[in-house]
Amino acid sequence: MAKEKTIYTCTECGGISPKWLGKCPHCNAWNTLIESVADNPGAVKNRYSTQRQGLAKASEVTALADIEASDMSRTPTGHEELDRVLGGGIVEGGVVLIGGDPGIGKSTLLLQALDSLQRAGLNTLYVTGEESGAQVALRARRLGLDGSQVKVMAEIQLDKILATLEVNQPSVAVIDSIQTVYSDLLTSAPGSVAQVRECAAHLTRTAKSSGVCIILVGHVTKDGALAGPRVLEHMVDTVLYFEGDTHSSFRLVRAIKNRFGAVNEIGVFAMTEKGLKGVTNPSAMFLSQHSEPVPGSCVMVTLEGTRPLLVEIQALVDDGGANPRRLSVGLDKDRLAMLLAVLHRHAGVACMDQDVFVNAVGGVRISEPAADLAVMLAIASSLRGKALPKGFLAFGEVGLAGEVRPAPRGQERLREAAKLGFSVAVVPKANAPKKPIEGLTIHPVERIEQALDLVRSLQ
């Protein structure tokens, strides 16, 4: 019997190499080549010839101005936070890819969403490749979904799944997970790059032609990226990521890509005995409940998509000796080093011999530079050992010249802070509102030294 030919496929870009290499020759990623069995040339030929025969006639070319543009109709899932991330609900013929760490709640949330859609009168289908139907039923009982009429199918063979979709014609179908599905046309194992890409392409084509909304569950690697090539993200309409610690009760669902809505939206959920519940006031989970103000704590308003969130920034400055450490959690450590240099050069606050630790409370990650001012004020507060005033908040970007630059949508940030009872705000001068905001005293500043002098006068 002839030995099967093996090839090495990159998990990042999908490139193929005839032998194993430490670095992918196509995308230069390290240690991403995995061994797989080469496809049978006859099967590949038959596959593409079958596809060519099944293609419809070429569509006529139409000018862009002559195409009628209409908003996509959406169907709410019954979960407000999930609808926020999706852009208002599911779209007919849309393909959603949702990824996250094992056990973080992907299957739980989707089962809850399918049950809500089914109770609203939609035909739903849950295809499980990792669990049996009995295991899915047990989870439904634990979640309190008694009497649910969601149809469940335990199958991993692509042709059988496509045939079931054609016969049942559901409005929404969940494939849990895409890494378990395989096609007989390929000889590689389920979960390989070729299988994942081929199965996702067939499911996407089915969704577009039949109008069923398909939700794909994807595994993630140890780095947190979706397993398989990134081309999987290009094929689908919406990409959602589950974030959060499995030991914490809070979960964040973030939209990375959305052809039908805004990106970088987040939905906040709390894991309870009855499944995931939406959190209507997520700012409460990112703020510590101090009876009195403590040194090294400053609240800022960050934007997650269109949603303003209040996040507490904590800083601890301590004697560091000859080799001081700079450590940040939830913030960019390189930007922390830059802010310390600006603090020294333009405000005269030296931390060369001090350990500096900065943390964003609640496990949230802040990538926007509007956190600069809050970080610097928290560091100065910890170094002096004096707490900032009660009800105090600050936001703004700080440049290398010491100037305080405006943050986008400053008015919304200030209104959110006033709604939650904050009374004093230090903001960039360009973000100062023309009309006063009730209950909020606003101090506009132009430079970092001006902000520090203002804070000292308030302490």
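Residues numbered from 1 in each chain as written. Predicted model: local features only at pLDDT ≥ 70, side-chain atom pairs only at ≥ 80, totals over all residues. Heavy atoms only, no water.

Colleague: When you look at the pairing of strand β18 (residues 354–360) in this model, what are you seeing that I'm missing?
Modeller: One face of the sheet, then the other: side chains in a regular strand alternate in exactly this way. For β18, a buried count of 5 out of 7 residues is recorded, marking the element as mostly surrounded by other parts of the structure. With 7 bridges joining them, strand β16 (residues 307–319) and β18 adopt antiparallel strand pairing. Bridging from a neighbouring strand, leucine 316 pairs with phenylalanine 357 of β18. In terms of strand pairing, strand β17 (residues 326–329) meets β18 through 4 bridges, oriented parallel. Across the sheet, leucine 327 pairs through a bridge with phenylalanine 357, a residue of β18. (Buried < 20%, exposed > 50% of the residue type's maximum accessible area, 1.4 Å probe, protein only. Helix = DSSP H or I, 4+ residues; strand = E, 2+ residues; numbered from the N terminus. Pairing = 2+ DSSP bridges.)

Colleague: Help me understand the sheet that holds strand β6 (residues 95–99) in this model?
Modeller: Sheet strands pair by backbone hydrogen bonding; their relative direction is either parallel or antiparallel. Taken together, 9 strands build an open sheet; the order of strands is β8-β7-β9-β10-β6-β11-β12-β13-β14 and the sheet is mixed. With partners counted over all chains shown, the strands left at the sheet margins are β8 (151–154) and β14 (275–278), one partner each. For this sheet, the mean inter-axis angle between neighbouring strands, taken without regard to orientation, is 25 degrees. Strand direction decides the pairing type here: strand β9 (residues 172–176) and strand β10 (residues 213–218), joined by 5 bridges, are parallel. Looking at the pairing, isoleucine 175 lines up with leucine 216 of β10. Its contacts with the sheet put helix α5 (residues 158–168) on β7 (124–128), β8, β9 and β10, and the angle it makes with β8 is roughly 160 degrees. (Axes fitted to C-alpha atoms, helices over the stretch in contact; angles between N-to-C directions. Contact = heavy atoms within 4.5 Å.)

Colleague: Is there a simple way to think about the pairing of β6 in this case?
Modeller: With 5 of its 5 residues buried, β6 lies for the most part within the structure. Where β6 lies against β10, 5 bridges are found, and the strand directions are parallel. Residue glycine 99 lies in a different strand from β10, and its bridge partner there is glycine 218. Sheet topology note: the β6/strand β11 (residues 238–243) ladder contains 4 bridges and is parallel. Looking at the pairing, glycine 99 lines up with tyrosine 241 of β11.

Colleague: I'm lost on the side chain of glutamate 416 in this one. Help?
Modeller: With respect to the helices and strands, the residue glutamate 416 is situated in helix α10 (residues 410–419). Residue class for glutamate 416 comes out buried when judged on its relative accessible area of 14%. Discounting chain neighbours no more than four positions away, the residues touching glutamate 416 are Ser283, Pro308 and Leu310.

Colleague: Would you mind going over the packing of helix α9 (residues 372–384) against helix α11 (residues 448–458) with me for this structure?
Modeller: In a pair of packed helices, the angle between the axes and the distance between the axes together describe the arrangement. Between α9 and α11, the shortest axis-to-axis distance is 11 Å and the interhelical angle comes to 50 degrees. As judged from the angle between their axes, α9 and α11 are oblique. Here the hand of the crossing between α9 and α11 comes out right-handed. Residues Leu373, Met376, Leu377, Ala380 and Arg384 of α9 form the contact with α11, whose participating residues are Ile448, Ala451, Leu452, Val455 and Arg456. (Parallel < 35°, antiparallel > 145°, perpendicular 65-115°, else oblique. Left-handed = near helix turned anticlockwise from the far one by under 90°.)

Colleague: Can you help me understand the pattern of salt bridges in this one?
Modeller: Tallying each qualifying case throughout the model produces 16 salt bridges. With a shortest N-O distance of 2.8 Å, arginine 405 and glutamate 403 are connected by a salt bridge. Residue glutamate 403 is classed as buried on the basis of its relative accessible area of 18%. In this structure, the salt-bridge partner of arginine 456 is aspartate 453, at a minimum N-O distance of 2.9 Å. Within this pair, arginine 456 and its partner aspartate 453 are both found in helix α11, separated by 3 residues, close to a single helical turn. Here the salt bridges share partners, and the residues they tie into one network are Lys208, Asp237 and Arg259. (Salt bridge = Lys/Arg side-chain N within 4 Å of Asp/Glu carboxyl O.)

Colleague: So what exactly am I meant to see when it comes to the confidence of the model for the chain here?
Modeller: For residues with low pLDDT, the predicted coordinates do not support detailed interpretation. Summing up the model confidence of the chain, the mean pLDDT is 87 and the portion of residues at 70 or higher is 91%. The model gives residues 48–53 a pLDDT under 50, and that stretch makes 3 contacts with residues more than four places away or in other chains. (pLDDT = per-residue confidence, 0-100.)

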